[in-house]
Amino acid sequence: MSQVAAALQRVRERIDAAAGRAGRDPAGITLVAVSKSHPPAVIREAMAAGQRDFGENRVQEAAAKYKELGTEVRWHFVGRLQRNKVKDLVGWVDLIHSVDRQELAAEIGIRASAAGAPQEVLAEVNVSGNPGRGGVREEDLGPLLEAAATVEGIRVTGLMAMAPVVSSPEGARPYFRRVARLRDQAATRFPQLDIHHLSMGMSQDYEIAVEEGATLVRVGEAIFGHRSGRVRAEERVVGDVDSASNVRGR
């Protein structure tokens, strides 16, 4: 068994145990292996161990990996997203976790409509209070969702958040509870949206996130080890994905 396969097994076992403690079905929790800065060969190791959902946070790196691996896996974009990079994601990425402003939602809708298929997204909310973190403020979440509900071409299916840096995993619990409460409130307020997902929890706190209701956990270092740096220049895509004939389904 490879080191990646062994690490995946440990993470899955801990997810199952956390789900058991919370009285949840582990089948309702998706492990997103955050493969940023790791090459396609390492992703293939994880695929051989049964992993199918992978997260990236740099658009060009993500697109380069898609060019090589295509639809063999489900792709999640988990980083901060600029409007001018949307064109390089929409059409092939399965889920964008980090929509935090109305202008970004509108741009995604335009690109998705042009691609001919709706784009699934999550609204990112900043519960840490750290202005350096991505995400909309809690008081601005309602207006963001209200605006997104009118955008043709996107499907908002939940919320994403990161807990602040804390001294122990347990310290993240109140933040995850707050996100779960915001998700439940949003689902009630916007029944026209299919809000059910909670993307929260990373290598240091994913077990607490599962106990508090996460449906998507984003785990990188606990699976792949320390990041090895950016992928090599020759692995990066040049230009947009559509011009490279890499849009999903084409």
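Before reading further, recall that the structure is shown in the block above.
Rules used in this analysis
Residues numbered from 1 in each chain as written. Predicted model: local features only at pLDDT ≥ 70, side-chain atom pairs only at ≥ 80, totals over all residues. Heavy atoms only, no water. Phe/Tyr/Trp six-rings, centres within 6.5 Å; stacked < 30°, edge-to-face > 60°. Helix = DSSP H or I, 4+ residues; strand = E, 2+ residues; numbered from the N terminus. Buried < 20%, exposed > 50% of the residue type's maximum accessible area, 1.4 Å probe, protein only. Contact = heavy atoms within 4.5 Å.

Peer 1: Any details on the packing of aromatic side chains? Residues and values, ideally.
Peer 2: Each aromatic ring pair is summarised here by two numbers: the centre-to-centre distance and the angle between the ring planes. One pass over the full model with this rule turns up two aromatic pairs. With 6.2 Å between their ring centres and 80° between their planes, Trp-75 and Trp-92 make a pair best called edge-to-face. With Trp-75 in strand β3 (residues 74-77) and Trp-92 in the loop between β3 and β4 (95-99), this pair connects stretches of sequence that are 17 residues apart. We classify Trp-92 as buried; its relative accessible area is 1%. Through successive ring pairs, a cluster of aromatic residues spans Tyr-66, Trp-75 and Trp-92.

Peer 1: Break down the environment of Gly-79 for me, with residues and values.
Peer 2: Here Gly-79 lies in the loop between β3 and β4. Along the backbone, Gly-79 and Arg-58 are 21 residues apart, and their C-alpha atoms lie at a distance of 6.5 Å. Leave out the neighbours within four places in its chain, and Gly-79 touches Glu-56, Asn-57 and Ser-98.

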